[in-house]
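Residue-level listing of the chains:
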Amino acid sequence: MNPALLSAPPSSQHPLLLSFPTFRFRPTSLSKRRRFKFFSPLNSLSSSSPSTSDQSPSSANLTTPGIFGSKKDLDGIQPVLDQLSPSIRLTTSAIFLAGAVAAGYGLGLRFSGTRNGALGGAAILGAAGGAAVYAANSAVPEVAAVNLHNYVAGCDDPGAVKKEDIENIAKKYGVSKQDEAFHMELCDLYCSCVCSVLPSENEDLRGDEVDKILNFKKALGIDDPDAAAVHMEIGRRINRQKLETGDRDGNIEQRRAFQKLIYVSTLVFGEASSFLLPWKRVFKLTDAEVGIAIRENSKRLYTYKLNSLGRDIEPKQLIALREAQLNYRLSDELAEDLFRDHTRKLVEKNISAALSILKSRTRAVGGVQQAVGELDRILAFNSLLISFRDHTDADRFARGVGPVSLVGGEYDSNRKMDDLKLLYRAYVTASLSGGRMEENKLAALSQLRNILGLGKQEAEAITLDVTSKVYQKRLSDAVQDGKLEMADSKAAFLQSLCDELHFDAEKASKIHEEIYQKKLQQCVADEELDDKDVAALLRLRVMLCIPQQTVDAVHMDICGRLFEKVVRDAVASGVDGYDADVRKAVRKAAHGLRLTREAAMSIASKAVRKVFLTYVKRARSAENRTESAKELKKMIAFNRLVITELVADIKGESSDTPSDESVKEELRRFDEIGGWEHLQTLKKIRPDKELTAKMGKPGQAEITLKEDISERDRMDLYRTYLLYCLTGEVTRIPFGAQITTKKEDSEFLRLNQLGGILGLTMKEIVDVHRSMAEQTFRQQAEVLLADGQLTKARVDQLSELQEQVGLPPEYAQKIIKSITTSKMAAAIEKAIAQGRLSIKQIRELKDAGVNLDTMIPESLRENLFKKTIDEIFSSGTGEFDEEEVFDKIPSDLKINDQKAKRVVHELACSRLTNSLIQAVSLLRQRNHQGVVSSLNDLLACDKAVPSEPLSWDMPEELADLYGIYARRNPESEKLVRLQYLLGLSDSMAAALRETGEEVLSTGKEEKFIF
């Protein structure tokens, strides 16, 4: 804020910034709030009138007021009082008063002639003289105030005002600073000083405002409360002007002016500002608003202070910055951010200069060195800042001293990353310009990477790229001048070269490999390696210390691609196109490119397997099994006529007659059959001399689909062709008829070749043949054993079938047993479901060796157990064998013992009550035999689960039940237990037993209503 806005502004300023009228407190009109005169600062009046420039300098000096206004003139008696010292003034006042009294006494005596008249005249003229003396002495403070104003106005700078001169003025006139006129003049002068010191709205604080105000305040000797009142009054005027204007731009300017006033006032009064300057109460401000005013202005002041700081920083400058920060009341966090921003801007200037040099189209000679020089300045500046961290006075330094960072600045964006990489590359190139990397350059590069904010991988990639080029250049020079070849140890020479450049040995090995690759590509430009090329490659390999495995890999890559093209062309030529020219090209490529046999076979295998997979894909997508077998047959022919020739050409062998090794391998494979040599289909795939001569040359089995197709799919393809060999070719004709051509044994030889192409082992082949034989035997055996009965005639038929298929006897018996067992299991399940199978028959089946737990499901066995227990509880005998029920029957039925006990308890509890109800029902029907059976069932249930005495609504019926049961002469143990269950007393039970054969009383019969 500019307090000068409160006085007359220049004509060029905003219309809102009008001057405030001059006003003064008078002794007669005191109020709670003091008011002061405001004078426009001198710099605001420099352009107040367009006619000012036309006046002479002398007239301008006379008419133009200073900071404190124009000098004042004395009027009336004031010039006289100005010339009198306090002692003379007192003496003069006494003489004047005495003269007035004497004159009054003389006049009174003269006119009245009496003593009383003389005294009255003396009193009257003495009072008038006293009034005149009082009036004259009352004007002395105003005279002192005018002289004070003229003294201060006569000083061009408020700093020229001295405290001694102010005190001498007060002493000269014998006045106190608390006299109203003199005090008001002090406040007016202080207000003018504050208004003149504060800058205008568009200007920032310079940092000397507080010192000027404090010095002037000390010179005037004004108290803090009075000075604080001046600051508050200036704030009121600014706030009033803000409310009167109503312009948005003007409000912003007035707000900034008000913030400056708050900040400067806070620094002027220090800690006392909290109670001397009630901003929040008077202007309804919040703590945050006051804090913002202090923070923003302190930041501007600190920034202004930082702008004077260059790259050559000294410790005393950092200490001064710290002191300024504390004086400005700036927090450490903000001070640290501002210092880092300042250092970043200094570095950004160097970066911009370096980039402009590097990107200049008219870059002069040495431009790169100039750019590197800018980067060296950055590194030197960064090193200086880092060194201050270990200084003895580091605690007194400004906050934020440390390494430079570009974070938050102009170059902290992805768009600028390429420019930063360009700078880093330029510095790396300059560091390696001498052909070696010095230790100090490594540290400098590390610092530069951190300053530019590059990632470790990005910096390493740039360094690797530049270092690789320098390494290749030095390596080329060493090869050309013969130093490398003449070195006693090539590896030591190369290692020393890497050490000088601080280059990774593994990266150097990669470069050696690339050099070898380029040389090999040049040598195989004619698709052949002669002895001269081989010697040159060997010399290069020895000089560069390239391992053999690396050489083999390079040859496999480059020569392999050439050989693969030849192989693809040969395979694509087909059965008819694989002629002598193609064979010659294959032999030339296989031996002229100096590939090992294993490498050549590996390359050929990839191309051949792709063709094989094409045949397999067609076979899988065929409409029926016959079409699928035809595709497989084409693959077998392609393998025999083309691939076999191809493999022989690669090996340099003849394919007309099989080699001894292949014959021995084939025989060894069939020796692994074991006990399956009697399988008819397996016998047919074993080649004999006649069929081999008829089929011609055998097919190769080195390139297979073992790694390309799963074992299951390979066995399915083999099984498909095996079925084709067994059934022959089936041709469908109209009306649903089929024609089957004659089966040939030569197809089994093709089947053997198919097994080799698919990469099946003999064990896998045997498994396919065995499964087919078992399937055939099972299908015909199920027809013979449809009813599950195995007679002697059927046994003979099955034996003949087993010999025809060639299945071993133990496997045939296993199939027969599984068929009969499954038939028997179905019959047993049906019998259990129909209730025709008892526990006795189950035991007979068990004794016959039938495995019940596999033939009968557990659920059916549990149902059979429940049915058996239910029969025991309803047999009417009253017997219950715990061992039979809890041990034997569950063991026979393979049921868990605990589950069996739980089933028995559940059935016993439910049957106990039902047996009593059934006995009463039969009693009412006069079915005495049924009553006895029901009571026996009751006792059987009680044996399984001992029960408490039963209750019934009609005790007479319970007595009748006991009487009927007693007449049957049962066992005494059963009779006693029945008495207990029916709840009968011993006397009643004895009476019922004595009745014997007496007829039951008819009076107790119950009439039933249906």
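All values derive from a computational prediction rather than experimental measurement.

Asks: Teacher, can you tell me more about the overall build of the protein chain here?
Replies: Tallying secondary structure elements over the protein chain gives 45 helices and 2 strands in all. Evaluated residue by residue, the protein chain yields a buried proportion of 43% over its 1010 residues. Residue pairs in contact within the protein chain that sit at least 24 positions apart in sequence constitute 74% of those at least 6 positions apart. In the structure as shown, the protein chain presents an accessible area of about 54,500 Å², 51% of it carried by carbon and sulfur atoms.

Asks: Teacher, can you tell me more about the pattern of salt bridges here?
Replies: A pair can form between side chains of opposite charge whenever their charged atoms are brought close. Applying the stated criterion to the full structure yields 44 salt bridges. Of the charged contacts in the structure, one is a salt bridge between Asp208 and Lys212, with a shortest N-O distance of 3.4 Å. Between Lys469 and Asp465 there is a salt bridge, with its nearest N and O atoms 3.9 Å apart. Highlighted residues: Lys469 and Asp465, both in helix 19 (residues 456-480), separated by 4 residues, approximately one helical turn. Under the relative-accessibility criterion, Lys469 is labelled exposed at 54%. For Asp465, a relative accessible area of 29% corresponds to the partly exposed category. One salt-bridge network, held together by shared partners, links Arg436, Glu438, Arg474 and Glu500.

Asks: So what exactly am I meant to see when it comes to the nonpolar core here?
Replies: In globular proteins that are soluble, nonpolar side chains generally tend to be buried together. Within the largest apolar cluster, 189 residues are counted, with the highest numbers of intra-cluster contacts made by Tyr190, Trp279, Ile351, Tyr471 and Phe563. Excluding anything up to four places from it in sequence, Phe563 contacts Val586, Ala589, Ala590, Leu593, Leu595, Ala600, Ile603, Ala604 and Ile650.

Asks: Looking at this structure, I do not really get the packing of helix 17 (residues 417-431) against helix 19. What am I missing?
Replies: Think of two packed helices as two axes; the pair is described by the angle between the axes and how far apart they sit. Interaxial distance between helix 17 and helix 19 falls to 10 Å at its minimum, and their mutual angle equals 45°. Between helix 17 and helix 19, the angle falls in the class oblique. With respect to the hand of their crossing, helix 17 and helix 19 are arranged in right-handed fashion. Taking contact as the criterion, the partners of Met417, Lys421, Tyr424, Arg425, Val428 and Thr429 in helix 17 are, on helix 19, Glu458, Ala459, Ile462, Thr463, Asp465 and Val466. The class makeup of the residues in the contact of helix 17 with helix 19 is 6 nonpolar, 2 polar and 4 charged.

Asks: Help me understand the packing of helix 24 (residues 548-572) against helix 27 (residues 597-620) in this model?
Replies: Contact geometry for helix 24 and helix 27: axes closest at 9 Å, N-to-C directions at 40°. In terms of orientation, helix 24 lies oblique with respect to helix 27. Between helix 24 and helix 27 the crossing geometry is right-handed. When helix 24 is examined against helix 27, the residues Met556, Gly560, Phe563, Glu564, Val567, Arg568 and Val571 are found in contact with a partner set consisting of Ala599, Ala600, Ser602, Ile603, Ala604, Ala607, Val608 and Val611. In terms of residue class, the contact of helix 24 with helix 27 is built from 11 nonpolar, 2 polar and 2 charged.

Asks: Can you walk me through the confidence of the model for the protein chain in this structure?
Replies: When pLDDT drops low, the exact placement of atoms in the prediction is not to be read closely. Overall, the predicted model of the protein chain reaches an average pLDDT of 77, with 77% of residues at or above 70. At the low end of the mean pLDDT range in the protein chain sits helix 1 (residues 57-63), at 35; at the high end sits helix 17, at 91. Low confidence marks residues 1-64, where pLDDT is under 50. Its contacts with residues over four positions away, or in another chain, come to 138 contacts. This model gives residues 996-1010 a pLDDT under 50, and the stretch forms 8 contacts once residues within four places in sequence are excluded.

Asks: Teacher, can you tell me more about the packing of aromatic side chains here?
Replies: The description of an aromatic ring pair uses the distance of the two centres, along with the angle that the planes make with each other. Taken as a whole and judged by the stated rule, the model has 8 aromatic pairs. Centre to centre, the rings of Phe612 and Phe638 are 6.5 Å apart; their planes meet at 85°, and the pair counts as edge-to-face. Of the two residues, Phe612 is situated in helix 27 and Phe638 in helix 28 (residues 625-651); the sequence distance between them amounts to 26 residues. Seen in terms of ring centroids, Tyr615 and Phe638 are 5.8 Å apart; in terms of plane orientation they differ by 40°. Their pairing is tilted. Of this pair, Tyr615 sits in helix 27 while Phe638 sits in helix 28, placing them 23 residues apart in sequence.

Asks: How do you make sense of unusual backbone geometry when you look at a structure like this?
Replies: Trans is the prevailing form of peptide bonds, just as negative phi is the prevailing case for residues other than glycine. One non-glycine residue, His502, lies in positive phi territory at about 55°. With respect to the helices and strands, the residue His502 is situated in the loop between helix 21 (490-501) and helix 22 (505-523). Under the relative-accessibility criterion, His502 is labelled partly exposed at 37%. Although it is not a glycine, Arg594 sits at a positive phi angle of roughly 60°. Mapped onto the secondary structure, Arg594 falls in the loop between helix 26 (580-592) and helix 27. For Arg594, a relative accessible area of 39% puts it in the partly exposed group.

Asks: What exactly am I supposed to notice about helix 42 (residues 928-944) here?
Replies: Given 3.6 residues to a turn, an α-helix orients residues that are three or four positions apart in the same direction. Over its 17 residues, helix 42 extends 25 Å from the first C-alpha to the last, a length consistent with the 24 Å expected when each residue adds 1.5 Å. Here helix 42 lies mainly inside the structure; 13 of its 17 residues are buried.

Asks: Can you help me understand a negative patch on the surface in this one?
Replies: Together, Asp881, Glu882, Glu883, Asp887 and Asp897 make up a negatively charged patch on the protein surface. Per element, the largest residue contribution to the negative patch is 3 residues, and it comes from helix 40 (residues 882-893). Among the secondary structure elements, Asp897 is positioned in helix 41 (residues 897-924). Looking at Asp897, the relative accessible area reads 40%, which means it is partly exposed.

Asks: How should I be thinking about the environment of Gly963 in this particular structure?
Replies: Looking at the secondary structure, you find Gly963 in helix 43 (residues 955-966). In this structure the C-alpha to C-alpha distance between Gly963 and Ala990, which are 27 residues apart in sequence, comes to 9.8 Å.

Asks: So what exactly am I meant to see when it comes to the environment of Ile67 here?
Replies: As for its placement among the helices and strands, Ile67 is situated in the loop between helix 1 and helix 2 (78-83). Residues Ile67 and Val152, 85 residues apart in the sequence, show an inter-C-alpha distance of 9.4 Å.

Asks: Help me understand the state of the cysteines in this model?
Replies: A disulfide bridge is the covalent bond that connects two cysteines by way of their sulfur atoms. Throughout the structure, instances matching the rule amount to 0 disulfides. Cys193 carries a free sulfur, and the closest cysteine sulfur to it, the one in Cys195, is 9.1 Å from it. Cys559 forms no disulfide, and the closest cysteine sulfur to it belongs to Cys523, at a distance of 9.3 Å. With relative accessibility at 0%, the residue Cys559 sits in the buried group.

What counts and how
Residues numbered from 1 in each chain as written. Predicted model: local features only at pLDDT ≥ 70, side-chain atom pairs only at ≥ 80, totals over all residues. Heavy atoms only, no water. Helix = DSSP H or I, 4+ residues; strand = E, 2+ residues; numbered from the N terminus. Buried < 20%, exposed > 50% of the residue type's maximum accessible area, 1.4 Å probe, protein only. Contact = heavy atoms within 4.5 Å. Areas by Shrake-Rupley, 256 points an atom, 1.4 Å probe, with all protein chains shown as cover. Salt bridge = Lys/Arg side-chain N within 4 Å of Asp/Glu carboxyl O. Core = buried A, V, L, I, M, F, W, Y, C linked by side-chain atoms within 4.5 Å. Axes fitted to C-alpha atoms, helices over the stretch in contact; angles between N-to-C directions. Parallel < 35°, antiparallel > 145°, perpendicular 65-115°, else oblique. Left-handed = near helix turned anticlockwise from the far one by under 90°. Nonpolar A, V, L, I, M, F, W, Y, C, P; charged D, E, K, R; others polar. pLDDT = per-residue confidence, 0-100. Phe/Tyr/Trp six-rings, centres within 6.5 Å; stacked < 30°, edge-to-face > 60°. Expected span 1.5 Å × (residues − 1). Patch = residues over 30% accessible without salt bridge, like charges linked within 9 Å, V, L, I, M, F, W, Y side chains within 5 Å. Lys, Arg positive; Asp, Glu negative; His and termini not counted. Charge placed at Lys NZ, Arg CZ, Asp CG, Glu CD. Disulfide = S-S within 2.5 Å.

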